[in-house]
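Residue-level listing of the chains:
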Amino acid sequence: MWKMMEIIMWIIALAIIAYIDVRTRRVYLGILIIPTLYSLVLSAFGVEGFFIRVVTCIVILVMFRLVSLVSKGGMGAGDAYVLAALSTSLGFMSAVEVILLSFSGAALYGALRLVGTRARRNISFPFVPFIFFSYLGVVICKLIVIEEAALQLRPL
């Protein structure tokens, strides 16, 4: 029940941030405070390690802030903060899955946009919607796998 509440919080927060990112090309980080704190508290009292999630959050933040600085605006700092905050909920492996899916989706969208509109090479577009849909995909797949495993363990 607590984990489901966490997932719903993150879905709502990411949907709002994605909408704002699409409309204004800005990422409002204030929305991340409550779900991030909830995820950290839940992991501190849960089965999965609090320390691993905090380290994952810091590593992702440092890595993508560096990408943000090197790319000179190709990836915004807000995107790095969203990925880092989201990793407090996901843990290391799921965070990597979300990151890979997000970048794959963005690369596909960018390629289709370049081919379809004959746009120039340095086009930009909001990245948080890709994070949002990747999170949905990873969470839904994990919930399906957990439900399937529970069905197989149930006695006949």
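(A) Up close: the packing of aromatic side chains. The tally for this structure, following the rule as stated, stands at 7 aromatic pairs. Residues Phe64 and Phe103 carry aromatic rings whose centres are separated by 5.7 Å and whose planes lie at 20° to one another, so their mutual orientation is stacked. Linking Phe64 in helix H3 (residues 50-70) with Phe103 in helix H5 (residues 92-117), this pair joins segments that are 39 residues apart in sequence. The class of Phe64 is buried, set by a relative accessible area of 6%.

(B) Geometry of the nonpolar core. Counting residues in each nonpolar core, the largest one holds 30 residues, and the members touching the most others are Leu14, Leu83, Leu86, Ile131 and Tyr135. Elements with a minimum of two residues in this core: helix H1 (2-24), H3, helix H4 (77-90), H5 and helix H6 (128-153). Among the elements that line this core, the one with the most residues is H6, at 8 residues.

(C) Layout of a nonpolar patch on the surface. On the surface, a cluster of nonpolar side chains totalling about 520 Å² of accessible area is made up of Met4, Ile8, Ile12, Ile16, Leu143 and Ile146. Mapped onto the nonpolar patch, the elements with two or more residues apiece are H1 and H6. The biggest single contributor to the nonpolar patch is H1, with 4 residues.

(D) A look at the pattern of salt bridges. All told, the structure shown has 2 salt bridges when counted by the stated rule. Among the ionic pairs, Glu97 bridges to Lys142, the shortest N-O distance being 3.4 Å. Of the two residues, Glu97 sits in helix H5 while Lys142 sits in helix H6, which places them 45 residues apart along the sequence. Looking at Glu97, the relative accessible area reads 30%, which means it is partly exposed.

(E) Main features of H4. Compared with the 20 Å implied by 1.5 Å per residue over 14 residues, the 20 Å span of H4 between its first and last C-alpha is a close match. Taken across its 14 residues, H4 has 12 buried, putting it largely inside the fold. Within H4, burial applies to Gly78, Asp79, Ala80, Val82, Leu83, Ala84, Ala85, Leu86, Ser87, Thr88, Ser89 and Leu90. With its phi angle positive at about 85°, Gly91 sits one or two positions after the end of H4.

(F) Fine view of unusual backbone geometry. At Arg25, a position not held by glycine, the phi torsion is positive, near 60°. For Arg25, the location among the structural elements is in the loop between H1 and helix H2 (33-45).

(G) Spotlight on the packing of H3 against H4. Interhelical geometry of H3 versus H4 gives an angle of 165° and a closest axis separation of 8 Å. Taken together, the axes of H3 and H4 are roughly antiparallel relative to one another. By crossing handedness, the relation of H3 to H4 is classed as right-handed. Between H3 and H4, the contacting residues are Arg53, Thr56, Cys57, Ile60, Leu61, Phe64, Arg65 and Ser68 on the first element and Ala77, Ala80, Tyr81, Leu83, Ala84, Ala85, Ser87, Thr88, Ser89 and Leu90 on the second. A class-by-class count of the residues in the contact of H3 with H4 yields 11 nonpolar, 5 polar and 2 charged.

Reading the values: the criteria
- Residues numbered from 1 in each chain as written.
- Predicted model: local features only at pLDDT ≥ 70, side-chain atom pairs only at ≥ 80, totals over all residues.
- Heavy atoms only, no water.
- Phe/Tyr/Trp six-rings, centres within 6.5 Å; stacked < 30°, edge-to-face > 60°.
- Helix = DSSP H or I, 4+ residues; strand = E, 2+ residues; numbered from the N terminus.
- Buried < 20%, exposed > 50% of the residue type's maximum accessible area, 1.4 Å probe, protein only.
- Core = buried A, V, L, I, M, F, W, Y, C linked by side-chain atoms within 4.5 Å.
- Patch = residues over 30% accessible without salt bridge, like charges linked within 9 Å, V, L, I, M, F, W, Y side chains within 5 Å.
- Areas by Shrake-Rupley, 256 points an atom, 1.4 Å probe, with all protein chains shown as cover.
- Salt bridge = Lys/Arg side-chain N within 4 Å of Asp/Glu carboxyl O.
- Expected span 1.5 Å × (residues − 1).
- Axes fitted to C-alpha atoms, helices over the stretch in contact; angles between N-to-C directions.
- Parallel < 35°, antiparallel > 145°, perpendicular 65-115°, else oblique.
- Left-handed = near helix turned anticlockwise from the far one by under 90°.
- Contact = heavy atoms within 4.5 Å.
- Nonpolar A, V, L, I, M, F, W, Y, C, P; charged D, E, K, R; others polar.

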